[in-house]
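Structure assessment
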Amino acid sequence: MRQGGLVVLAAFAALLTAPAALAAFEVRLSVNPSIVEPGRLVKIELRSFSVVKGVRSLADAPGRGLRVEAVSPSGRVVRIGLRHTSRGVWRGSFRFPTLGRWRVRVTNWPSGRGPQLTVEVREAPPAPAAP
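Residues numbered from 1 in each chain as written. Predicted model: local features only at pLDDT ≥ 70, side-chain atom pairs only at ≥ 80, totals over all residues. Heavy atoms only, no water.

**Topic: the packing of aromatic side chains**
For clarity, the threshold we go by: Note on aromatic contacts: the rings of Phe and Tyr and the six-membered ring of Trp form a pair at centre separations within 6.5 Å, being stacked when their planes are under 30 degrees apart, edge-to-face when over 60 apart, and tilted otherwise. Either the NZ atom of lysine or the CZ atom of arginine qualifies as a charge over a ring when it sits within 6 Å of the ring centre and within 35 degrees of the ring normal.
This structure, assessed with the given rule, holds four aromatic pairs. An aromatic cluster is built from Phe-94, Phe-96 and Trp-102, whose rings are joined through pairwise contacts. Just above the ring of Phe-49 sits the side chain of Arg-56; from NZ or CZ to the centre is 4.1 Å.

This is the structure:
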């Protein structure tokens with residue numbers, strides 16, 4: 001009888017924790033624009049989603065505490081300050097000071113390497129000659 005009670009208790013505990021196991025989260029980074037001139041202000045946005053049974057919805061919990069950094073072509077790392085603007089959305093801005101391919105990344109991702117994207121910083125094309 002005692003073993004049967006333990007089995008029922010274990011099954012009940014598994015049912016209670018199953019929804020949490022099915023829940024996951026996702027984070028998206030965006031940079032606008034992704035090709036810029038040196039020193040130009042760029043908007044950076046992090047959106048965090050809770051994913052339950054394949055359905056995504058904006059949620060604060062997954063994004064809370066995540067850090068975003070910009071990594072220069074030479075390897076210099078600069079932390080980007082983001083502020084919470086609405087449910088599941090954090091925004092900030094940054095000026096990329098030097099030419100080259102910069103990476104914008106989430107640094108403290110739970111399972112290791114987090115989301116990242118590339119920003120191309122290059123000189124503006126020359127203005128067309130006046131007729």
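**Considering the side chain of Ser-72**
Applied cut-off: Only DSSP runs of H or I with at least four residues qualify as helices, and only runs of E with at least two residues qualify as strands; both kinds are numbered from the N terminus onward. Remark: exposure states derive from per-residue accessible area (1.4 Å probe, protein chains only) relative to the maximum for the residue type, with buried under 20%, exposed over 50%, and partly exposed in between. Side-chain atoms alone can form a polar contact between residues adjacent in sequence; in general such a contact is a pair of N or O atoms within 3.5 Å, and within protein one must be able to donate a hydrogen while the other accepts it. The criterion used for residue contact is that any of the two residues' heavy atoms lie within 4.5 Å.
Mapped onto the fold, Ser-72 is located in the loop between strand S5 (68–71) and strand S6 (77–80). Owing to a relative accessible area of 8%, Ser-72 belongs among the buried residues under this scheme. At a separation of 3.0 Å, a polar atom in the side chain of Ser-72 contacts the side chain of Ser-74. If we skip the residues at most four places from it in the chain, Ser-72 touches Arg-101 and Trp-102.

**Overview of the sheet that holds strand S10 (residues 116–121)**
Put simply, the rule reads: At least two DSSP bridges between two strands are needed for those strands to be called paired.
The strand order across the open sheet built from five strands is S2-S10-S9-S5-S6, with neighbouring strands paired in mixed fashion. The sheet terminates laterally at strand S2 (35–36) and S6, the two strands that pair on one side only.

**Notes on the nonpolar core**
Worth spelling out the cut-off: Here, the term nonpolar core denotes a set of buried Ala, Val, Leu, Ile, Met, Phe, Trp, Tyr and Cys residues that are joined through side-chain atoms within 4.5 Å.
Core analysis: the biggest nonpolar cluster contains 22 residues, and Phe-94, Phe-96, Val-104, Val-106 and Val-119 have the highest contact counts within it. When contributions to this core are tallied by element, the ones reaching two or more residues are strand S1 (23–32), strand S3 (41–52), S5, S6, strand S8 (89–95), strand S9 (100–106) and S10. Not counting chain neighbours up to four residues away, the residues in contact with Val-104 comprise Leu-29, Val-31, Ile-44, Val-68, Glu-69, Ala-70, Ile-80, Phe-96, Pro-115, Gln-116, Leu-117 and Val-119.

**What to know about unusual backbone geometry**
The residue after Asn-32, namely Pro-33, is reached through a cis peptide bond having omega -5°. Relative to the assigned elements, Pro-33 resides in the loop between S1 and S2. Here Lys-53, not a glycine, exhibits a phi torsion of approximately 55°, which is positive. On the accessibility criterion, Lys-53 (70% relative accessible area) is exposed.

**Some details on the pairing of S8**
Each regular strand carries side chains that alternate between the two faces of the sheet. Of the pairings in the sheet, the one linking S3 to S8 comprises seven bridges and is antiparallel in character. Note that in S8 the partner of Leu-41 across the bridge is Arg-95. Pairing of strand S7 (residues 83–86) with S8 involves three bridges; the strand directions are antiparallel. Note on S8: the bridge partner recorded for His-84 is Trp-90.

Any functional reading would require information beyond the geometric quantities listed.
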